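Fold and geometry: a report
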Amino acid sequence: MKTTPFTDVHIALGAKMHEFAGYHMPIEYTGIIDEHFTVCNSVGVFDVSHMGEFWVKGPNALAFIQQVTSNDASVLPVGKAQYTCFPNETGGIVDDLLVYHYEPEKYLLVVNASNIDKDWDWCVSHNTVGAELENSSDRTAQLAIQGPKATEVLQRLTSVDLLAIPYYSFVTGKFAGCPDVIISNTGYTGAGGFELYFYPEDAMTIWNAIFEAGKPEGIKPIGLGARDTLRLEMGFCLYGNDLDDTTSPIEAGLDWITKFTGGKNFTNRATLERQKQEGVERKLCAFELLDKGIPRYGYDIVNEAGEKIGVVTSGTMSPTQKKGIGLGYVKTPYAKIGTEIYIQVRNRNLKAQVVKPPFRK
């Protein structure tokens with residue numbers, strides 16, 4: 001298994017380790033529920049160094065990004081980030097990702113760990129405009145410091161004014177004495193905070209400084225288990241569960257990152273534009289259980305008559321709401337807010353209701 005610059009630290013701290021996307025990663029430390037509430041109420045630190053980072057450079061950098069992503073990167077000023085996806089040629093999604101406009105003619109693409117090799121091959125094979133591509137995934141470490149007290153803790157370690165960095169914006173500056181750290185406000189927990197991108201050789205300096213600075217707030221390391229419950233309470237999609245090579249961005253409710261304006265001609269635009277105009281047969285919806293139970297990935301969703309209408313793609317017992325919540329694809333007529341649906345759990349049909357995310361307000 002691959003490791004991150006923090007793997008030995010996770011083991012020394014007693015984390016429950018497991019393989020994730022080919023990496024030896026911490027799933028939990030003190031328990032998913034405890035870690036979930038630590039992020040909601042205070043501040044926690046996630047090792048997300050397993051994520052992939054690709055640089056796109058040169059005079060044709062923007063043309064390349066416009067060609068392979070669904071969102072419109074031409075409106076992205078330097079210092080801003082954008083959520084987008086790589087559409088494939090059959091109407092599905094290669095991956096969802098972030099695009100950072102780092103400098104004029106220089107962009108950073110941040111992709112999911114499980115898709116680094118697939119995404120890199122996709123970018124290289126679709127680079128028909130001669131953009132300069134660089135895979136720096138193995139030379140980039142990343143921490144996500146999340147929670148309502150994250151800004152206060154991190155501000156002690158940098159002269160960069162963190163409060164002046166809006167959501168989906170970033171700056172590059174000195175942090176904990178380390179140069180050229182990207183400080184990004186693009187959190188995936190709904191609890192506030194920042195992501196830091198830095199060179200692996202600075203990893204332990206930054207880790208130790210953050211945990212020393214956060215002692216008064218009770219800062220804790222957080223595993224991937226709580227990362228999943230936090231993102232699900234916000235209704236955020238996870239690639240491999242809610243998005244994959246067979247789910248279109250229109251079905252997934254990602255119309256807002258699928259732009260058909262102007263001259264943007266991305267992969268399989270015609271199919272997705274037709275779906276947008278004519279509608280789709282299934283849609284991703286959020287639901288909460290009205291009966292007691294926990295929905296899980298792969299459980300069938302049925303209607304009142306017991307007919308299968310869809311499948312659960314993500315599900316858990318919400319730590320903050322104390323009820324079963326989930327995401328799933330259902331036939332379009334059943335995706336309307338307020339519709340009653342049923343989740344099949346061990347041969348029982350548990351009543352649920354389609355709701356508007358986030359679950360955690």
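The text that follows walks through the structure, step by step, so that each part is easy to find. (Residues numbered from 1 in each chain as written. Predicted model: local features only at pLDDT ≥ 70, side-chain atom pairs only at ≥ 80, totals over all residues. Heavy atoms only, no water.)

Brief notes about the sheet that holds strand E19 (residues 348–355)
Read once around its circumference, the closed barrel built from six strands follows the order E14-E17-E16-E15-E18-E19, with strand pairing classed as antiparallel. Each neighbouring strand pair of the sheet contributes to a mean axis angle of 45°, computed without reference to strand direction. With three bridges joining them, strand E15 (residues 300–302) and strand E16 (residues 308–317) adopt antiparallel strand pairing. Bridged to Val-302 within E16 is Lys-308. Contacts from helix H7 (residues 224–233) reach E16 and strand E17 (324–331) within the one sheet, and its direction differs from that of E16 by about 125°. (Pairing = 2+ DSSP bridges. Helix = DSSP H or I, 4+ residues; strand = E, 2+ residues; numbered from the N terminus. Axes fitted to C-alpha atoms, helices over the stretch in contact; angles between N-to-C directions. Contact = heavy atoms within 4.5 Å.)

Observations regarding the packing of aromatic side chains
Within this structure, the stated rule accounts for 12 aromatic pairs. A centroid spacing of 6.3 Å and a plane angle of 75° characterise the contact between Phe-6 and Phe-198, whose relative ring orientation is edge-to-face. Of this pair, Phe-6 sits in the segment before helix H1 (7–12) while Phe-198 is found in strand E12 (residues 193–198), placing the two residues 192 residues apart along the sequence. The same class applies to Phe-6 and to Phe-198, which are both buried. One aromatic cluster is present, formed by Trp-55, Tyr-100, Tyr-102, Phe-170 and Tyr-197 through successive ring pairs. Over the ring of Trp-55 we find Lys-106; its NZ or CZ atom is 4.7 Å from the centre of that ring. When the ring centre of Phe-46 is taken as origin, the NZ or CZ atom of Arg-227, which lies over that ring, is 5.8 Å away. (Phe/Tyr/Trp six-rings, centres within 6.5 Å; stacked < 30°, edge-to-face > 60°. Buried < 20%, exposed > 50% of the residue type's maximum accessible area, 1.4 Å probe, protein only. Lys NZ or Arg CZ within 6 Å of the ring centre and 35° of its normal.)

Re the pairing of strand E10 (residues 170–175)
Where E10 meets strand E11 (residues 178–184), five bridges bridge the pair, whose relative direction is antiparallel. When the sheet's bridge partners are listed, Gly-173 is paired in E11 with Val-181. Hairpin connection, E10 to E11: the antiparallel pair is bridged by two residues, and Ala-176 has positive phi, about 55°.

Some points on the nonpolar core
The biggest cluster of nonpolar side chains holds 37 residues, and the ones touching the most others in it are Phe-46, Tyr-100, Val-110, Ile-182, Leu-243 and Leu-254. Looking at this core, the elements with two or more residues in it are helix H2 (32–41), strand E5 (81–87), strand E6 (93–103), strand E7 (106–111), H7, strand E14 (282–289) and E17. Residues in contact with Leu-254, not counting those within four places in the same chain, are Tyr-83, Ile-93, Leu-243 and Pro-249. Judged by nonpolar contacts, the second largest core, of 30 residues, contains Val-9, Leu-143, Ala-150 and Ile-206. (Core = buried A, V, L, I, M, F, W, Y, C linked by side-chain atoms within 4.5 Å.)

Observations regarding helix H4 (residues 116–125)
Of all the positions in H4, only Ile-116, Asp-119, Trp-122 and Cys-123 are classed as buried. Buried residues of H4 fall within an arc of 130° about the axis and therefore sit on the same side. The exposed set on the far side of H4, more than 90 degrees from its buried face, consists of Asp-117, Asp-121 and Ser-125. (Arc of directions from axis to C-beta.)

Quick notes on the pairing of E7
Most of E7 sits out of view: five of its six residues are buried. In this sheet, E7 lies alongside strand E4 (residues 52–57) in antiparallel orientation, the contact comprising six bridges. Considered in E7, the bridge of Glu-53 is made with Val-110. Bridging between E6 and E7 involves five bridges; their strand directions are antiparallel. Within the sheet, the bridge partner assigned to Tyr-100 lies in E7 and is Leu-108. Between E6 and E7, which pair antiparallel one after the other, the connecting turn spans two residues, and Glu-105 there sits at a positive phi close to 65°.

A closer look at the sheet that holds strand E13 (residues 220–222)
Read across the sheet, six strands follow the order E10-E11-E12-E9-E3-E13 without closing on themselves; strand pairing throughout is mixed. Here the strands that pair on one side only, and so sit at the sheet edges, are E10 and E13. The mean inter-strand angle of the sheet, taken between neighbouring strand axes irrespective of direction, is 30°. As paired strands, strand E3 (residues 44–47) and E13 are joined by three bridges and run parallel to one another. Within E13, the position partnered with Gly-44 by the bridge is Lys-220.

Topic: the pattern of salt bridges
Under the counting rule described, the total for this entry stands at 18 salt bridges. Lys-57 is the partner of Glu-132 in a salt bridge, and the nearest nitrogen-oxygen pair spans 3.9 Å. Within this pair, whereas Glu-132 is found in strand E8 (residues 132–135), its partner Lys-57 is found in strand E4, the two being separated by 75 residues in sequence. Glu-132 sits in the partly exposed class, given a relative accessible area of 46%. When the shortest N-O distance is used, the salt bridge between Arg-156 and Glu-217 registers 2.7 Å. Pair noted here: Arg-156 is in the loop between helix H5 (150–155) and E10 and Glu-217 is in the loop between helix H6 (203–213) and E13, with a separation of 61 residues, a long-range link. What makes Glu-217 buried here is its relative accessible area of 12%. Through salt bridges that share partners, Lys-57, Glu-132, Glu-134 and Arg-139 make up one connected network. (Salt bridge = Lys/Arg side-chain N within 4 Å of Asp/Glu carboxyl O.)

Don't take any of this as a statement about function, it's just geometry.
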